[in-house]
Amino acid sequence: MSLDHTLIHLGEDRKKYFNAVSPPIIQSSNFVFDSISDLREAIGDEVNNHIYTRGNNPTVAILRKKIAALEKAEDALIVGSGASAAAIAVTGNLKSGDHVICVNLPYSWTRKLFSETLSRWDVSVDYVDGRDVANIKNAIKENTALLYLESPNSISFELQDLKACAALAKEHNIITIIDNSYSSPIFQNPIELGIDIVIHSGTKYLNGHSDVVVGVICSTKDMIAKLFKNEYMTYGTIISPHDAAMVIRGLRTIKMRMEHVQKVGMQLVDWLADHKKIKKVIYPYHPSFPQYDLAKQQMRGGTGLFSIILDVEEKAEVEKFINALNNFIIAVSWGGHESLCIPFLAFHDIPGWPDHYVDWRLVRMSVGFESFEYLRDDIEQALNAIGS
Ligand SMILES: *Cc1c(COP(=O)(O)O)cnc(C)c1O
């Protein structure tokens, strides 16, 4: 199926709603049945029927079809956040006594799920350096049930060889989950490389406009039906029909948005790589990145998210740089219309914060819809503030 068809037409049965070009927001909690037999039939197959909006809703169902097609998956679920997508996919595939292998530096709340919540349910976790698949292999135990990947992660962008990870996991009957938020389905489709479940924080590139918190889970029909019947319905972390319509609108432009943030992201990274006040740029699609070859092999592009390590000795110098930026605004999250920066120094002195071991000189930057010149000039003047 073509990307164009998926983004513009798939799932949109316009004859059902007055030939409206844009899908209606079906703001209804429940759906009517003509007879007891119709009701009985629907309840027997809730994953494919409209009964109650905690299960299925027609507006959300349009989004669900598009997301599954984008990730080359048989089916998908749309949930209320990326964190919830991870929690549903993970807990739906674990039982007490199981062991999980997770790559280093996963998203902070994913780490919390493994280290705090699931440890109370007698699930153990080992974090490994996933850059070498041998580390994953060596961590496999008798009771390993799940391999959790993030390639690239969203701070230092280390990759895993997804084909090799999938093959290793299959050999040992281990379920693989990847958080694919960084690449978006435009630049990476892990299911094609053998990964079982793909999740996203749709809050980032999928919606792309910093106005909806949403998550998605993509997998086989069987896996999605299993998760739907249990964790999806019991946790009840759904997205509203209105938010689903917002995300459908956001998706219309994902191809253009990804092209733009990749182009400007690369221009900025090239320029920063030679700047004397920058110790290092970290971007998986730059020749200086140690896993650049693997990135080119399994991804179709970089994005607008990269990190820089400032060449400074004092924490105060990082603060000067950040406070001097005007066009990169200080905020968490990424992937929206607005360019953002987040200095990891801000988390550094908070005891117990999971990212405390990230270099305090690291600043993560997300490119929005602005031009290269507008953003470069802003960084240039802010770098000039260092040492002043
Ligand atoms: C933001 C983020 C999440 C969590 O998503 P929410 O939509 O905020 O719940 C998960 N993984 C990555 C890589 C993220 O950046």
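Scoring rules and cut-offs
- Residues numbered from 1 in each chain as written.
- Predicted model: local features only at pLDDT ≥ 70, side-chain atom pairs only at ≥ 80, totals over all residues.
- Heavy atoms only, no water.
- Helix = DSSP H or I, 4+ residues; strand = E, 2+ residues; numbered from the N terminus.
- Expected span 1.5 Å × (residues − 1).
- Bend = angle between axes of the 7 residues up to and from the residue.
- Buried < 20%, exposed > 50% of the residue type's maximum accessible area, 1.4 Å probe, protein only.
- Near = heavy atom within 4 Å.
- Polar contact = N/O pair within 3.5 Å; in protein donor to acceptor, adjacent residues only side chain to side chain.
- Areas by Shrake-Rupley, 256 points an atom, 1.4 Å probe, with all protein chains shown as cover.
- Nonpolar A, V, L, I, M, F, W, Y, C, P; charged D, E, K, R; others polar.
- Patch = residues over 30% accessible without salt bridge, like charges linked within 9 Å, V, L, I, M, F, W, Y side chains within 5 Å.
- Salt bridge = Lys/Arg side-chain N within 4 Å of Asp/Glu carboxyl O.
- Lys, Arg positive; Asp, Glu negative; His and termini not counted.
- Charge placed at Lys NZ, Arg CZ, Asp CG, Glu CD.
- Pairing = 2+ DSSP bridges.
- Axes fitted to C-alpha atoms, helices over the stretch in contact; angles between N-to-C directions.
- Contact = heavy atoms within 4.5 Å.

Considering helix α9 (residues 221-235)
The terminal C-alpha atoms of α9 lie 20 Å apart, and with 15 residues this matches the ideal 21 Å at 1.5 Å per residue to within 8%. Along its length, α9 shows its largest kink, about 50°, at Phe-228. Within α9 the residues assigned to the buried category are Met-223, Ile-224, Leu-227, Phe-228, Glu-231, Tyr-232 and Met-233. With its phi angle positive at about 70°, Gly-236 sits one or two positions after the end of α9.

Here we look at the site of the ligand
In the vicinity of the ligand, 13 residues are found, and the nearest of them are Gly-82, Ala-83, Asp-179, Thr-203 and Lys-204. Taking Ser-201, its side chain carries an N or O atom lying 2.9 Å from an oxygen atom of the ligand. In this structure, an oxygen atom belonging to the ligand sits 2.7 Å away from a side-chain N or O atom of Lys-204. In isolation the ligand has 380 Å² of accessible area, and contact with the protein removes 89% of it. Residues of the shell around the ligand, tallied by class, amount to five nonpolar, six polar and two charged.

Things to note about unusual backbone geometry
With glycine set apart, most residues show a phi of negative sign, and most peptide bonds adopt trans. Cis geometry marks the peptide bond from Ser-151 to Pro-152, where omega comes out at -5°. With respect to the helices and strands, the residue Pro-152 is situated in the loop between β4 (144-150) and α7 (162-171). One non-glycine residue, Leu-105, lies in the positive phi region at around 55°. Tracing the sequence through the fold places Leu-105 in the loop between β2 (99-103) and α5 (108-117).

Focus on a negative patch on the surface
A cluster of acidic side chains, namely Asp-34, Asp-38, Glu-41 and Asp-45, defines a negative patch on the protein surface. Take Glu-41: it is sitting in helix α2 (residues 36-43).

Examining the sheet that holds strand β7 (residues 215-219)
The strand order across the open sheet formed by seven strands is β1-β7-β6-β5-β4-β2-β3, and the pairing between neighbours is mixed. With one partner strand each, in any of the chains shown, β1 (75-79) and β3 (124-128) form the two edges of the open sheet. Neighbour-to-neighbour, the strand axes of this sheet turn through a mean angle of 20°, independent of strand direction. Here four bridges tie β2 to β4, and the two strands are oriented parallel to one another. By the bridge assignment for β4, Cys-102 is matched with Tyr-148. Contacting β4 and β5 (175-179), α7 crosses the sheet at an angle of about 155° to β5. Sitting on the sheet, α9 is in contact with β1, β5, β6 (197-201) and β7, with an inclination near 30° to β1.

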